[in-house]
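Fold and contact review
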There are 2 protein chains.
Amino acid sequence: MNALPITFIGAGNVGTHLARRFHDTGFRVVQVFSRDKSKAEALAGSIGADAVDQLSGIVAHTGLYILAVRDDAIAEIGGQLADVGIRDGLFAHTSGATPASVLQPYFGRFGIFYPLQTFSPQRTPDFLDIPICIQASVPEDESLLKTIACAVGKQAVVMEERQRIALHVAAVFVNNFSNYLYQRGQHILEKEELSFDLLLPLIRETAEKVRHLPPNAAQTGPAVRGDKKTIARHLEYLQETPDDAALYETMTRLIVNAAKKK
Amino acid sequence: MNALPITFIGAGNVGTHLARRFHDTGFRVVQVFSRDKSKAEALAGSIGADAVDQLSGIVAHTGLYILAVRDDAIAEIGGQLADVGIRDGLFAHTSGATPASVLQPYFGRFGIFYPLQTFSPQRTPDFLDIPICIQASVPEDESLLKTIACAVGKQAVVMEERQRIALHVAAVFVNNFSNYLYQRGQHILEKEELSFDLLLPLIRETAEKVRHLPPNAAQTGPAVRGDKKTIARHLEYLQETPDDAALYETMTRLIVNAAKKK
């Protein structure tokens, strides 16, 4: 297994963290491709791989190619790889939102290797905590990707297209949208000359609580309590920021409705 | 200081956790009042205090009375305490959204002791991580509450009425509203027969990331990237749940606008 040659296409956030993790868990990353030569070299150099910034420099093998590129570049780079004769391995992209089938025109063996986490350059992810979503066009490749996912991540989750899209939507809700709410908290505190740090313990506890209590049971606050006086005070405070006030009203209505349905 | 007699009015979530913490850090809680006798007894018994379920049983002293009751009951209970001759101590309520002034008609010394955290019966809060917001009608009482807050919590933050309301609004955004987004994640995953546990590492990392990176810098995802194809796929997935689709569109628009302003 660990003799399997692995090529990384893309040296951005996901590519970098993933390639390092592959290397750290004993896999053999042979090449890192990025059109940005310095990025390819930085990543390749740190994991004993060769850097390549031209498609023609990519070596053909029957191992695994990980396509860790922008969602809208996956199909394009697939076509370009096929054009330069790189077609015979297993080609897996790392996107939660892009169908595996965008690779079908170019390759016989293709699939998904989607780590469900938010990656940033500044932080080293804890892969032991990351589920990896798997899909493959061929049963043997599903097994292969599962084995690899279990080695580098917390668990391998084989899922269908629709399930993965759903999971990606859910990830946008809990990650992107929550982070936007943190932004509004930051904005409000800055306006009042208070430190955003004051909110950090609450943010952490909100996230930790749902490890032990399902979120519909963990819901607290004026909306679910039906505390109209507090809601009115909050809306009065928010009257100078109409977008925040509108979002507050929408969220309050949705929380009230969700509580009714329980 | 630790000889100061402290009476807890209310034995709900906040009252219980706070009274236990006072006791654990060496303060002398003399009485716990709750109209629910069993609640008063359960809390009082665990911290060596007397339980009382009648207002007439509350002992007058010049120490501290913590009013940990529902927001809309604070003024009422204040009036009732004054009526039975309990007027001479310092009366502090624990609400983030209620003005200190609701206590003014009844007491010469009044204020706020508001721990900024979400409390639930099932979880023991880490008070060493909790900022406590302070306000007092008399400078000496501000000092007193500061000293107590520093002893039981992470830090004492003296703030004005408007700042505390703002902080409470911000808390609703990062806690109540984020938790609602977790609810939606839970709902989507249940529908697809996937475990909500899959999202827990992402939820945790989202919350941890803003300890190191301000939330406006931590924003990722299709909205901030302007990835219209992914947004369209997500909205297509959400078409059976119009409330989710509408919230997705609102959030996406707000994230795009916030990114423009940067």
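Residues numbered from 1 in each chain as written. Chains lettered and ligands numbered in written order. Predicted model: local features only at pLDDT ≥ 70, side-chain atom pairs only at ≥ 80, totals over all residues. Heavy atoms only, no water.

**What to know about the overall build of chain A**
Looking only at helices and strands, chain A has 10 helices and eight strands in total. Seen through its principal axes, chain A has C-alpha atoms that stretch 70 × 40 × 30 Å. Relative to its 262 residues, chain A shows a buried fraction of 58%. Across chain A, contacts joining residues at least 24 apart in sequence account for 57% of those joining residues at least 6 apart. When the accessible surface of chain A is totalled, it reaches about 10500 Å², and 48% of it is carbon and sulfur. Side-chain charges in chain A split into 27 positive and 29 negative, and the spacing between the mean points of these groups amounts to 7 Å. (Helix = DSSP H or I, 4+ residues; strand = E, 2+ residues; numbered from the N terminus. Buried < 20%, exposed > 50% of the residue type's maximum accessible area, 1.4 Å probe, protein only. Contact = heavy atoms within 4.5 Å. Areas by Shrake-Rupley, 256 points an atom, 1.4 Å probe, with all protein chains shown as cover. Lys, Arg positive; Asp, Glu negative; His and termini not counted. Charge placed at Lys NZ, Arg CZ, Asp CG, Glu CD.)

**Some thoughts on the packing of aromatic side chains**
Residue and element names in this part refer to chain A. In the structure shown here, the tally under the stated rule is 20 aromatic pairs over all chains. Ring geometry for Phe 173 versus Phe 177: centroids 5.1 Å apart, planes at 65°, classification edge-to-face. Highlighted residues: Phe 173 and Phe 177, both in helix 5 (residues 161-191), separated by four residues, approximately one helical turn. Phe 173 gets classed as buried once you look at its relative accessible area, which sits at 0%. Given a relative accessible area of 1%, Phe 177 falls into the buried group. Aromatic ring contacts, followed pair by pair, group Phe 8, Phe 22, Phe 27 and Phe 113 into a single cluster. (Phe/Tyr/Trp six-rings, centres within 6.5 Å; stacked < 30°, edge-to-face > 60°.)

**Details of helix 6 (residues 200-209) of chain A**
Taken across its 10 residues, helix 6 of chain A has nine buried, putting it largely inside the fold. The complete set of buried residues in helix 6 of chain A reads Leu 200, Pro 201, Leu 202, Ile 203, Glu 205, Thr 206, Ala 207, Glu 208 and Lys 209 of chain A. In this structure, the buried side of helix 6 of chain A is in contact with helix 5 and helix 7 (215-218) of chain A together with strand 7 (131-136), helix 5 (161-191) and helix 6 (200-209) of chain B.

**Notes on the interface of chain B and chain A**
Contact with chain B, which involves 90 residues of that partner, is made by 90 residues of chain A. Both sides together, the interface formed by chain B and chain A hides about 9000 Å², and carbon and sulfur atoms give 65% of it. Summed over the shared surface of chain B and chain A, the number is six salt bridges. We note a salt bridge from Glu 208 of chain A to Arg 204 of chain B, for which the minimum N-O separation is 2.9 Å. Here chain B is connected to chain A by 37 residue pairs in polar contact (both at pLDDT 80 or more). The class makeup of the residues in the side of chain B that touches chain A is 45 nonpolar, 25 polar and 20 charged. (Buried area = accessible area lost by both parts, 1.4 Å probe. Salt bridge = Lys/Arg side-chain N within 4 Å of Asp/Glu carboxyl O. Polar contact = N/O pair within 3.5 Å; in protein donor to acceptor, adjacent residues only side chain to side chain. Nonpolar A, V, L, I, M, F, W, Y, C, P; charged D, E, K, R; others polar.)

**Looking at the environment of Val 59 of chain A**
Residues and elements named next belong to chain A. Mapped onto the elements of the fold, Val 59 is located in the loop between strand 3 (50-52) and strand 4 (64-67). Through-space distance from the C-alpha of Val 59 to that of His 93 is 18 Å; in sequence the pair is 34 residues apart. Look past the residues within four positions of Val 59 in its chain and what remains in contact with it is Gln 31, Tyr 65 and Ile 86.

**Points about the relation of the copies chain B and chain A**
In this arrangement, two copies of a chain are superimposed by a rotation about an axis accompanied by a shift along the axis. Screw-axis analysis of chain B against chain A gives a translation of 0.0 Å along the axis, an RMSD of 0.0 Å, and a rotation angle of 180°. Look at the turn and shift together and you get a two-fold axis relating the two. Scanning chain B for the C-alpha nearest the rotation axis identifies Ser 178 of chain B, at a separation of 2.6 Å. A share of 100% of interface residues in chain B that are also interface residues in chain A marks the association as one of identical surfaces. (Least-squares fit on C-alpha atoms with pLDDT ≥ 70 in both.)

**Notes on the confidence of the model for chain A**
Averaged over every residue, the pLDDT of chain A is 96; residues scoring 70 or more account for 99%. If you check the scores for this complex, the pTM reads 0.94 and the ipTM reads 0.94. (pLDDT = per-residue confidence, 0-100.)

**Some points on the pairing of strand 7 (residues 131-136) of chain A**
In the case of a regular strand, side chains alternate between the two sheet surfaces. All names here are of chain A. Counting buried positions along strand 7 yields five of six residues, so the element is predominantly enclosed. In terms of strand pairing, strand 7 meets strand 8 (residues 155-158) through four bridges, oriented parallel. Each bridged residue has a counterpart across the sheet, and for Pro 131 the counterpart in strand 8 is Gln 155. Crossover connection from strand 7 via helix 4 (residues 139-152) to parallel strand 8: handedness right-handed. (Pairing = 2+ DSSP bridges. Right-handed = clockwise from strand over helix to strand, strands pointing away.)

**So, the sheet that holds strand 7 of chain A**
Residues and elements named next belong to chain A. If you trace the eight strands from one edge of the open sheet to the other, you get 3-2-1-4-5-6-7-8, paired in mixed fashion. With partners counted over all chains shown, the strands left at the sheet margins are strand 3 and strand 8, one partner each. Taken over all neighbouring pairs, the strand axes of this sheet differ in orientation by 25° on average, direction set aside. Here helix 4 sits on the sheet and contacts strand 4, strand 5 (90-93), strand 6 (110-115), strand 7 and strand 8; the angle it forms with strand 7, its principal contact strand, is near 170°. (Axes fitted to C-alpha atoms, helices over the stretch in contact; angles between N-to-C directions.)

**Section: the packing of helix 10 (residues 242-261) of chain A against helix 10 (residues 242-261) of chain B**
Relative orientation of the contacting elements helix 10 of chain A and helix 10 of chain B amounts to 160°, with a least axis distance of 12 Å. The angle between the axes of helix 10 of chain A and helix 10 of chain B places the two elements in the roughly antiparallel class. For the pair helix 10 of chain A and helix 10 of chain B, the sense of crossing is left-handed. On helix 10 of chain B, the residues touching Asp 243, Leu 247, Thr 250, Met 251, Arg 253 and Leu 254 of chain A of helix 10 of chain A are Asp 243, Leu 247, Thr 250, Met 251, Arg 253 and Leu 254 of chain B. (Parallel < 35°, antiparallel > 145°, perpendicular 65-115°, else oblique. Left-handed = near helix turned anticlockwise from the far one by under 90°.)

**Let's talk about the pattern of salt bridges**
Residue and element names in this part refer to chain A. Counted according to the given criterion, the structure contains 16 salt bridges over all chains. Two residues, Glu 161 and Arg 164, come together in a salt bridge whose shortest N-O distance is 2.9 Å. Residue Glu 161 and its partner Arg 164 are both found in helix 5; the two are separated by three residues, about one turn of the helix.

**With respect to the side chain of Gln 135 of chain B**
All names here are of chain B. Here Gln 135 is to be found in strand 7. Residue class for Gln 135 comes out buried when judged on its relative accessible area of 16%. At 2.5 Å, the side chain of Gln 135 forms a polar contact with the side chain of Arg 164. When near neighbours in sequence (up to four residues on either side) are disregarded, Gln 135 contacts Ala 100, Phe 110, Gly 111, Ile 112, Leu 145, Met 159, Glu 160, Glu 161 and Arg 164.

**Observations concerning the sheet that holds strand 4 (residues 64-67) of chain B**
Within a sheet, neighbouring strands are paired by backbone hydrogen bonds and run either parallel or antiparallel to one another. All names here are of chain B. With mixed pairing, eight strands are arranged side by side in an open sheet as 3-2-1-4-5-6-7-8. The two strands at the open ends of the sheet, each matched to only one other strand, are strand 3 (50-52) and strand 8 (155-158). Direction aside, neighbouring strands of the sheet carry axes that sit 25° apart on average. Bridge count between strand 2 (residues 28-33) and strand 3: three bridges; the pairing is parallel. Looking at strand 3, one finds that Phe 33 is bridged to Val 52. Together, strand 4, strand 5 (90-93), strand 6 (110-115), strand 7 and strand 8 form the strand contacts of helix 4 (residues 139-152), whose direction differs from that of strand 7 by roughly 170°.

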